[in-house]
Each structure stands twice: as C-alpha cells, then as structure tokens.
Amino acid sequence: MTCREFLRFVDAVPLRLRSRGELRIARQHAAACPGCAVLLAEAESLEQSLGSLPMIAPTGRLVADVMERVHREAPEQSAVRRPAPETRLVGATIRQKLGWAAAIGGNLALLGVYLQSLNTSAWPRGVLSPTITIGFQAERVSWVVQSGSGLLILTAGALLLAISILTLLGGSEQPHRRAS
Amino acid sequence: MRVSENRELTTGNPAPEPTRAEALREAVAEVRAGRRDAYERVVELCQSRLLSFAVSLLKDYAAAQELTQDAFVRAYRYLDRFDDRRPFYPWLATIAFRLAQDRWQQQRRDRELARRYGAASEEGVARDDPLRTVIADEESSRLWQAVEGLPGGERTAVLLFYQQELKIVEAARLLGVSSGTVKTLLFRARRHLREALGTDAPGAPGRHTK
C-alpha cells in the first residue's frame, strides 16, 4: 500500500465499514510510515469520538405517557389487524388485477383491428377473399396503417399491452415505504 | 435531564448489542400477535435512542419529547405496515424523521407569516441545546459543536450513522437517498469535522503523498 492509497483508504468511507483484512494492511503500512500513522490515529480517534456522541435519558413518564396515548388514540385492532405479508398480498393482487385488465383490453383492441381487417369490402379492389399469401398480409397491414380508426385502435391496443407489462412487472414493489 | 446510563448504546460498535436487538424483535412480534401491553417493552428499549435523535434534530427538549411520543404512537398505529423482515428501529426512526420534517415545514410557515405581518417571531432567540448541557468534557463539547456546525444533510448522516448506529443502507432509506449519497455525506462530514477540530490543518503531519 502506498501513502496515496492509504490516504484514500482513510478518507473514503468510515473505518468501521472496512474489513479486518483491509484494516490489517493499512496498519501494516502505518507501522512503517510515521506520517500515515498519525493520520490513522486521527481517523480512529474521530470515529471513536463520533461513536460516543451523547444520549439523553428520557423522563420517567415517557413510557407511561406513550402507553396512555396508545390506549386512548390507537384502536385495539390497529396493531394486529393485518400481518404484513397479507397486506403485501392485497396490494399486489389489486395491482395484478389492473395489469391483467390492461392486458385483456389491449388484446381485445388488437383482435378488433384484426377482425376489422377481414372485412373485405374495406379493402382495395381486386381482393375478393382472404388468403394467406404474404402479399395479402401486406395489403392487410397497409389497410390498417392507412385507415385512421384502425391505426388508432392498434396504437391503443399496443399502449394497453405496454401498460399491462409494466404493471405486472412492477408488482413486486416494496410496501415498506408506505409506513411513513 | 441527564446522560443516559445505557452507555452500551453509545459505544460505536459495528452492530448493536444482539440481545437488545433480539429483545426488540421479540417485543414487536408480541405486539403484532395481539399483546398491546408488550408495546411498553418496545418503548423502553427504544426511548433513549429515539429521544436523543429527536433532540439532535429539533434542539429543543420539550419538542423532542413530544415528537418521540408522537413517533411511538404513530408506529403503533401503523405497525401492520411494518415489514418484519427488517429491523424495527430504523423504521421507527424514519417515522420520527418525517415528523421532524413536518415540524420544520410548520416552523418555516410560521416564520414566514410572522415576517409578513410583523408579529414577534421566535427566530433568533437563543435556546440552550439540551445535548450541549449534558456534555461534560471539553473535547466532546468541541466535537458536538463541530457536528452542530455541519450542513444539514451531513449532520443528519453523521447522527444516523454514528449516534444512532444505523447501517448505511438504513440511513439511506430513511433519508430517501442512495447509499452512495450517504457515504459521500459522511466523507464530506469527516473532512469538515477534521477542519473544524483543527486536525486537518495545512501542513499537518501525515498529509503527504508518496
């Protein structure tokens, strides 16, 4: 370890986040370098002092006052009504329902566009019945793109599908933050 | 007011005392299982730590005591939302911090109103910092003064990490920032503290590169 590396070691993160191995290497360097030894001593002293910042003892009434308010203000059921996993399950189910609803809506929209494209009277002249040739599929796609309502429904369907995917993938959101 | 006798909370050990953490976990589990009286044990185990945090944030003992009570009551009310895979205390401290933020906002609004209508404001009225009054030795007093002088974010990060003994990730969750931001805040805070305490003066021994 060089002095430059040592300086970075002491500065970068609190010493208590360092592993024993890292600290041993740093101490070995400090033992051979008086300048770095001073730095290490300073850093350790500062960490120790910060670790012993004062605590204040509460008055003897605090526990009693809190319990009195808990009995008065918080209803009996509040602490035990629903265990956390159940809460998460409920939240996730609603989210999933929304996701599935969007997925179904999106698929229906796309199906509508497809069925509408089967309406031969809307096609260019010369096409009398549906076929499965590539050329025919190209005509159909072109009809969907050229038709204003077809394009609108197609876009809406794609949007709903995208929303459903995002909703379902994001279903594992942590409920923890709601608490505060 | 006196310094807590529970000095084991202030030793700066890497992890909180396991028996205390275990006792807290058991007490919280009991409350969630329907034993409301077990909450008394939860309050006993957390009160000194939470009150010290509140005092550090508000610098007013009476207001801090009130905030501590509010935080405990609110935590009880929303205990069903607590994720018991995580430690309880950081969640409780987060509630206290949010309440303190609400108070700061209210104070700002009050000051603004007072300024607008020319009413007497408490702004500028010197209050005794309760923590300063319980620090006996000069060295700790200087350190506390230096911590007090830190910018808001750095000060809170120092309090959470060193005084409250929260992990980086817990402090980050409480502040609503990333772990990297907390590390940066601590890095800057240590640098500012060294400067304030005079241990990082230019030309101080050891500030060299090889």
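As the structure is a prediction and not an experimental result, all values here were calculated from the model.

Colleague: Would you take a moment to explain the overall build of chain B for this structure?
Modeller: A count of helices and strands for chain B gives nine helices and zero strands. Counting helices and strands in the order they occur from the N terminus, chain B gives α-α-α-α-α-α-α-α-α. In chain B, which comprises 210 residues, the share counted as buried stands at 36%. Within chain B, contacts between residues at least 6 apart in sequence are counted, and of these 58% link residues at least 24 apart.

Colleague: Before we go on, may I ask you to explain helix α2 (residues 39-58) of chain B in this structure?
Modeller: Since there are 3.6 residues in each turn of an α-helix, residues three or four apart along the chain are aligned in direction. Residues and elements named next belong to chain B. At Q47, α2 shows its maximal bend, which comes to roughly 50 degrees. Most of α2 sits out of view: 16 of its 20 residues are buried. Immediately downstream of α2, the backbone of K59 shows phi near 60 degrees, a positive value.

Colleague: In this structure, what is going on with the environment of S48 of chain B? I would like to understand it.
Modeller: Residues and elements named next belong to chain B. Its place among the elements puts S48 in helix α2. In this structure S48 comes out as buried when scored by C-beta crowding, with 21 C-beta atoms within 10 Å. The sequence separation of S48 and T68 amounts to 20 residues, and the corresponding C-alpha distance is 9.6 Å.

Colleague: Which parts of the structure should I look at to understand the nonpolar core?
Modeller: The nonpolar side chains of soluble globular proteins are, as a tendency, buried together. Membership of the largest hydrophobic core comes to 62 residues, with the highest contact counts inside it found for A54, L92 and A96 of chain B. For this core, the element with the highest residue contribution is α2 of chain B, accounting for 11 residues. Counting contributing residues, this core receives three or more from each of domain 1 (11-127) and domain 2 (135-201) of chain B. With eight residues, the next largest nonpolar core counts F9, A30, L39 and L40 of chain A among its residues.

Colleague: Before we go on, may I ask you to explain the packing of helix α2 (residues 20-32) of chain A against helix α3 (residues 34-51) of chain A in this structure?
Modeller: Think of two packed helices as two axes; the pair is described by the angle between the axes and how far apart they sit. Residues and elements named next belong to chain A. The N-to-C vectors of α2 and α3 enclose an angle of 130 degrees; their axes lie 6 Å apart at closest approach. Put simply, α2 runs oblique to α3. Crossing of α2 against α3: the hand is left-handed. Packed against α2, whose contacting residues are A26, H29, A30 and A31, the element α3 presents C36, A37 and L40 at the interface.

Colleague: Explain the packing of helix α3 (residues 61-77) of chain B against helix α4 (residues 88-117) of chain B to me, please; I cannot follow it from the model alone.
Modeller: Residues and elements named next belong to chain B. It is the contact of α3 with α4, at a shortest axis distance of 9 Å, that shows an interaxial angle of 125 degrees. By the criterion of interaxial angle, the relationship of α3 to α4 is oblique. Both α3 and α4 take part in a crossing whose hand is right-handed. Counted together, L67, T68, D70, A71, R74 and A75 of α3 and L92, I95, A96, L99, A100 and R103 of α4 form the full contact between these two elements. Its residues assigned to classes, the contact of α3 with α4 comprises eight nonpolar, one polar and three charged.

Colleague: How do you make sense of the environment of E44 of chain A when you look at a structure like this?
Modeller: Residues and elements named next belong to chain A. In this fold, E44 is placed in helix α3. Its 14 C-beta neighbours within 10 Å are what place E44 among the partly exposed residues. Sequence separation between E44 and R16 is 28 residues, and the spatial gap between their C-alpha atoms is 9.3 Å.

About the thresholds
- Residue indices follow the written sequence of each chain, beginning from 1 at its first position.
- Lettering for chains starts from A, numbering for ligands starts from 1, and both go in the order in which the items are written.
- Where local features are concerned, this predicted model is filtered to residues with pLDDT of at least 70; where side-chain atom pairs are given and counted, the filter is 80 or more; whole-chain, interface and lining totals use all residues.
- Helix and strand labels come from DSSP, where a helix needs a run of H or I of at least four residues and a strand needs a run of E of at least two; each type is numbered from the N terminus.
- Residues are called buried when their C-beta atom has 20 or more other C-beta atoms within 10 Å, exposed when it has 12 or fewer, and partly exposed otherwise; all C-beta atoms are positioned from the backbone.
- We call two residues in contact when their backbone-placed C-beta atoms lie within 7 Å.
- The bend reported for a residue corresponds to the angle between axes fitted to the seven residues ending at that residue and the seven starting there.
- Note on terminology: a nonpolar core is a set of buried residues of type Ala, Val, Leu, Ile, Met, Phe, Trp, Tyr or Cys, with members joined through C-beta atoms within 7 Å.
- The start and end points of each domain follow an automatic or database-based domain assignment.
- Every axis in this analysis is a line fitted to C-alpha atoms, fitted for helices over the stretch in contact. Angles between the N-to-C directions lie between 0 and 180 degrees.
- When describing relative orientation, an angle under 35 degrees is termed roughly parallel and one over 145 degrees roughly antiparallel, while 65 to 115 degrees is termed roughly perpendicular and anything else oblique.
- The handedness criterion is simple: a crossing whose near helix is rotated anticlockwise from the far helix by less than a right angle is left-handed, and one whose near helix is rotated clockwise is right-handed.
- Amino acids outside the nonpolar list (Ala, Val, Leu, Ile, Met, Phe, Trp, Tyr, Cys, Pro) and the charged list (Asp, Glu, Lys, Arg) are all regarded as polar, and Gly is one of them.

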